[in-house]
Amino acid sequence: MNIELSPRHLQLRDTLFRRWKTNGVKIGDKIESQNEIVKFCDFSLITVIKTLKDLESEGVIRRQVGKGSFLMKAPWTEAHHRIGFFYNRDIVGGGIFNNDFYTKLVVAFEKGVVSDGHEFIMGSFTNKSMPIHLWDALDVVVLTGITPQTNTEILAETSSQIAIMDLVLDGLPYHAYRINFEPAFQAMFRKNEPSKLKYLYLNSAITSSEQAARLAAFKRACESCSTAQNLRVITVNQESGDADKLESVLASFKPDVVAGYMHYSWMPMINGTGAKVYPYALDGNKSSFNVNSSEWMQYVLSDLYANLEERRPGAKILSFPATFRP
């Protein structure tokens, strides 16, 4: 993906494609003249003329005397695409394959991309550093693990289309793919009515709009019960697996139901209390708030493909429903 050693006219071709993709140039739009191209890039007029002639012969642009040049094809939206999946290693410190939820998510995403005939690339970023130059060589970059500490201003620097997984970023021109857990929460409370039970909800210490939305939805589902329920919420870090606070609350509160964010190492301790356990899960075969990863990723990919021509397709939230597995 490094173009520095390629011929100058191919370097210019790549530069123009990235510029047009970044600026959202669409088929039929007018592009820069050869003199304008010389002004904004470090290429000779001879190289510019050769590159434009090549693009014209390939049918990418059409040049009209006295009117200028126009884009006729957008090669970056054609059949074969490079699609990247990147996670925040400041959040998933032990690596993405040390987390069951993320492991199943990325495997389902890769399977969908490859089976559709495209190229899959996986990597990571941090709250302060993102591999922008790598992303520029891709068509779409899907990000997960963004938090309020992440410098999202960097995202505007890449020519790739950005999409956000499992999170909503207000005010940014990206599509966000989230899971709607509220119907699953409601199904759980309906199943347990009319009994009055003790519910312990484990809320993530990793703050995000999605974490807050899940907690609010759980509280709404609880409050909608015809029989008043006893709900307690505590904050946990499901990535680190620290269980000191959880252990003491389990002993003192003695919940009938434990739900929410969980580390796999907590399960024996929670099961030992006799409480029903409902974690967030992908492709779970046990009691959980469950999501079918293949169906979710097909839902996500169909939207990504539909927006390949748009550098910034605008802010849009697409929700996929979770199901309650008793």
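Each remark here, short or long, concerns the structure printed above.
Residues numbered from 1 in each chain as written. Predicted model: local features only at pLDDT ≥ 70, side-chain atom pairs only at ≥ 80, totals over all residues. Heavy atoms only, no water.

It is worth spelling out the side chain of N127 at this point. Tracing the sequence through the fold places N127 in the loop between β5 (119-125) and α5 (132-136). Apart from residues lying up to four places away in sequence, N127 is in contact with N88, D90, T147, Q149, T150 and N151. (Helix = DSSP H or I, 4+ residues; strand = E, 2+ residues; numbered from the N terminus. Contact = heavy atoms within 4.5 Å.)

Okay, the packing of aromatic side chains next. Tallying each qualifying case throughout the model produces 20 aromatic pairs. A centroid spacing of 5.7 Å and a plane angle of 50° characterise the contact between Y299 and F320, whose relative ring orientation is tilted. Separated by 21 residues along the polypeptide, Y299 in helix α10 (residues 293-306) and F320 in strand β14 (residues 316-321) bring together distant segments of the chain. Of the residues examined, F320 reaches a relative accessible area of 11% and is grouped as buried. For the cation-ring pair, R19 lies above F40, with the distance from its terminal atom to the ring centre recorded as 3.7 Å. Lying across the ring of F253, K198 places its NZ or CZ 5.5 Å from the centre. (Phe/Tyr/Trp six-rings, centres within 6.5 Å; stacked < 30°, edge-to-face > 60°. Buried < 20%, exposed > 50% of the residue type's maximum accessible area, 1.4 Å probe, protein only. Lys NZ or Arg CZ within 6 Å of the ring centre and 35° of its normal.)

Helix length check: helix α7 (residues 209-223), at 15 residues, gives a terminal C-alpha distance of 21 Å against a target of 21 Å (1.5 Å per residue), a fit within 8%. By the burial criterion, the buried members of α7 are E210, Q211, R214, L215, A217, F218, A221 and C222. All buried residues of α7 lie within an arc of 160° about the axis, which places them on one face of the element. (Expected span 1.5 Å × (residues − 1). Arc of directions from axis to C-beta.)

For the rest of this paragraph, the subject is the sheet that holds strand β15 (residues 323-325). Spatially, β10-β9-β11-β12-β13-β15 is the arrangement adopted by the 6 strands of the open sheet, whose pairing is mixed. Each edge of the sheet is formed by a strand with only one pairing partner; in this case those strands are β10 (230-236) and β15. If you compare each strand with its neighbour and ignore which way they point, the axes differ by 25° on average. As defined by bridge partners, strand β11 (residues 257-260) adjoins strand β12 (residues 276-282) across 4 bridges and the pair is classed as parallel. Counterpart to A259 in the pairing with β12 is Y278. Of the strands in this sheet, β9 (198-204), β10 and β11 are in contact with helix α8 (residues 244-253), which crosses β10 at around 165°. (Pairing = 2+ DSSP bridges. Axes fitted to C-alpha atoms, helices over the stretch in contact; angles between N-to-C directions.)

Moving on: the packing of helix α4 (residues 100-115) against α10. Axis separation between α4 and α10 bottoms out at 9 Å; the angle between their running directions is 50°. As summarised for this structure, α4 and α10 are arranged oblique, according to the angle between their axes. Considering how the two elements wind past one another, α4 and α10 form a crossing that is right-handed. Only S293, S294, W296, M297, Q298, V300, L301, L304 and Y305 of α10 make contact with α4, whose side of the interface consists of K104, L105, A108, F109, G112 and V113. (Parallel < 35°, antiparallel > 145°, perpendicular 65-115°, else oblique. Left-handed = near helix turned anticlockwise from the far one by under 90°.)

Let's shift gears to the side chain of S288. Locating S288 in the fold gives a position in strand β13 (residues 288-291). Side-chain polar atoms of S288 contact the backbone oxygen of K286, separated by 3.1 Å. Leave out the neighbours within four places in its chain, and S288 touches Y278, P279, A281, T323, F324 and R325. (Polar contact = N/O pair within 3.5 Å; in protein donor to acceptor, adjacent residues only side chain to side chain.)

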